[in-house]
Each structure stands twice: as structure tokens, then as C-alpha cells.
Amino acid sequence: MSKSFERYQKRKLISSYFSVVLSIGLVLFLLGILGLLVLNTKKMGDHFKEQISISVFLKDSAKPVEVDQLQKSLALAEYTRSATYVSKEEAAEQHSEEIGENFIEFLGYNPLKNSIDVKLKADFVSSEQIADIASNLASKGYVEEVSYDQPLITLLNENVKRISFWILVASAIFTFIAVLLINSSIRLSIYSKRFIIKTMQMVGATKKFIRRPFIYTNIKLGMLGALLALVALGGTLYYVNDQFPELNLMEDPMVLGFLFIGVFVLGVFISVFSTFFATQRFLNLRTDDLYY
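These numbers come from a predicted model, not from an experiment. (Residues numbered from 1 in each chain as written. Predicted model: local features only at pLDDT ≥ 70, side-chain atom pairs only at ≥ 80, totals over all residues. Heavy atoms only, no water.)

### Regarding the packing of aromatic side chains
Okay, so step 1: A full pass over the atoms with the stated rule returns 5 aromatic pairs.
Okay, so step 2: A centroid spacing of 5.2 Å and a plane angle of 75° characterise the contact between Phe 165 and Trp 166, whose relative ring orientation is edge-to-face.
Okay, so step 3: Note on Phe 269 and Phe 273: the rings are 6.1 Å apart at their centroids and 25° apart in plane angle, and the pair reads as stacked. Note that Phe 269 and Phe 273 are positioned in helix 9 (residues 253–284) at a spacing of 4 residues, about one turn of the helix.
Okay, so step 4: Taking the relative accessible area as the measure of exposure, Phe 269 reaches 52% and is therefore exposed.
Okay, so step 5: Clustering of aromatic rings is evident, with ring pairs tying together Phe 269, Phe 273, Phe 276 and Phe 277. (Phe/Tyr/Trp six-rings, centres within 6.5 Å; stacked < 30°, edge-to-face > 60°. Helix = DSSP H or I, 4+ residues; strand = E, 2+ residues; numbered from the N terminus. Buried < 20%, exposed > 50% of the residue type's maximum accessible area, 1.4 Å probe, protein only.)

### A short note on the confidence of the model for the chain
Okay, so step 1: Across the chain, the average pLDDT comes to 79, with 86% of residues at or above 70.
Okay, so step 2: Within the chain, strand 3 (residues 115–120) carries the highest mean pLDDT (88), whereas helix 4 (residues 103–107) carries the lowest (64). (pLDDT = per-residue confidence, 0-100.)

### Examining the UniProt feature "transmembrane region" (unreviewed entry) in the chain
Okay, so step 1: With numbering matched to this structure, UniProt assigns "transmembrane region" (unreviewed entry) to residues 20–39, 163–186, 221–240 and 255–278.
Okay, so step 2: Structurally, residues 20–39 is divided into 100% helix and 0% strand, and its ends, taken at the C-alpha atoms, are 28 Å apart.
Okay, so step 3: Secondary structure over residues 163–186 splits into 100% helix and 0% strand, and the C-alpha atoms at its two ends are 34 Å apart. (UniProt positions renumbered as here; feature names shortened; annotations may be inferred.)

### With respect to the environment of Asp 123
Okay, so step 1: With respect to the secondary-structure elements, Asp 123 resides in the loop between strand 3 and helix 5 (127–138).
Okay, so step 2: On the basis of relative accessible area, Asp 123 is assigned to the exposed category, the value being 57%.
Okay, so step 3: Separated by 74 residues in sequence, Asp 123 and Lys 49 place their C-alpha atoms 8.5 Å apart.
Okay, so step 4: For Asp 123, the residues in contact, after removing those within four places along its chain, are Lys 42 and Gln 129. (Contact = heavy atoms within 4.5 Å.)

### Comments concerning a negative patch on the surface
Okay, so step 1: On the surface, Glu 89, Glu 90, Glu 93 and Glu 97 cluster together into a patch of negative charge.
Okay, so step 2: In this structure, Glu 97 sits in helix 3 (residues 88–99).
Okay, so step 3: Given the relative accessible area of 62%, Glu 97 is considered exposed. (Patch = residues over 30% accessible without salt bridge, like charges linked within 9 Å, V, L, I, M, F, W, Y side chains within 5 Å. Areas by Shrake-Rupley, 256 points an atom, 1.4 Å probe, with all protein chains shown as cover. Salt bridge = Lys/Arg side-chain N within 4 Å of Asp/Glu carboxyl O. Lys, Arg positive; Asp, Glu negative; His and termini not counted. Charge placed at Lys NZ, Arg CZ, Asp CG, Glu CD.)

### Observations concerning the sheet that holds strand 2 (residues 80–86)
Okay, so step 1: Overall, antiparallel pairing links the 4 strands, which are arranged 2-3-1-4 in an open sheet. Of all strands in the sheet, those bounded by a partner on one side alone are strand 2 and strand 4 (143–147). With strand direction ignored, the average angle separating the axes of adjacent strands in the sheet is 20°.
Okay, so step 2: The sheet strands contacting helix 2 (residues 64–76) are strand 1 (53–58), strand 2, strand 3 and strand 4, and the helix crosses strand 2 at an angle near 160°. (Pairing = 2+ DSSP bridges. Axes fitted to C-alpha atoms, helices over the stretch in contact; angles between N-to-C directions.)

Next up, the structure:
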């Protein structure tokens, strides 16, 4: 009978520890995902901004040396990510593929212009800066027209700012919720030992002596939960980076290292914090209050 009860108590203890580790791991994993979003919000926004391009259409009278000089100057400009010359013949071929028919045969001539497609660096994708760049390019005598999608640029910048703000708000809220959830899990595990805590106190054990084994145990559980979260986070990061390599999520290993260390330290810190106050609460309770 005694051995059976001991086995039951042991299983109950393992189940309690497992639930604490699992809850810490899941909460820290979700917190790590939010951390990745916060760290990569700008990078993802920059990725979409760098898909914006300016088309510089050239006059038919433009000399080859002028076109070559313009392309080289654009390629070297501080705001340029790439500058690609597209002849009117190449543009016609691309347009024919898009619409599914040869429009030149129908019209009898090629109405398109030679052009240079300029993709900009993310820091220069704003309505004011692009307007200045377009104005400067349009002032050249051999440039027919400078075209870009102004409404799309405005919408993109507004959405990037809005998404960045709400991700920060969500991160702050979720961090608070994470602390509450981990704290609740640890408090429940300590609640089951409230009579042991009070018994030790009644026989003369100091509060520090009683708290110490609970803190040590929950530090270990916090570390296990954090390691579980980091393994899951690493696997998710690897998968997303493999599926979307253009996002370059692993481009800065130092930042990722700080994130992983931060998640681990947070798991340990919350465990210590929650254990201290949970044990303190039961230490301060009267014996009669333990039954409620």
C-alpha cells in the first residue's frame, strides 16, 4: 500500500513538472516568434519596398553614349539597388507574352520606348524622395518620361508603419500574458505543496530555507522549458528561411543569438520571480487559510 502511494505521488509530481515545462516552453516559443517578427519587421518591409521601381523612358533621339552614361550614373547612385536597360524590342516581347498576342503585327509598329528600370534601396522609397529623384531624371533632355506608382508607394509606407506599430503593441501585451501564464503554472505546482511549506515553517524552518529548493527546482524547469522553446523556434526559423530565402532571416546570427539568449534568460527569470512570490504567499498564510 505504501509503495503504491509512493508511485502515485511520484507520477503526480512528474505530471506536475511536465505541465510546467510544457507551458513554459509553449509560451516562450510564441514569445520568440513575436521577437522574430519584431526584429524582422523592418527587413520584411524593406524587402517589399525594394520591389518598387522607377521606369525612365528614353527618347528615340537619345544617343547610345547618353543612354550608357545615364545607366552607369544610375547604377552608381546612392539610392539605386539595380539599374537595368530594357530596349523597346525586349519590352515589346515581354508585353506580348503578358497579353498573349503580338500587338506589333496588329498596330504595324512598336509604340514602346527604350527604358531603364531602376529599383531603389528601401531607405529611399518615400513619396518625397522618389519625387525628387524622378524630377532630377526628367530634367535630362533625352528622357521622355519618368514613371512610377505613386499610390502604391504611399500605401506601402503607411502599411509598413501600421504593421510595425501593431506588432510592437502585440509583443508588449503578449509578454505580459506570458508572465501571467507561467506564473499561474508555477503557482499551481506550489499550491499542491502548501501543507508541506506550512509544516516546515511550523517546525522552525526559515522562509529562505523553505524557498530555496522550490526556486532551484523551478529554475531547472524554466531552463528545460526555455530549451524546448528554443529547439522549436530554431526549427521554425530554419523552415521559414528555407521556404522564403529572400527574407534572409539568418543573415545576422548575432541578433538571432541575442534573441535566443533573451528567451532563455526570460524563462529562467520568470520562473525565479514566480516561485519567490508564490512561496511567499503560502508562507504568509495562516494555517486555517490553507484549506481555501
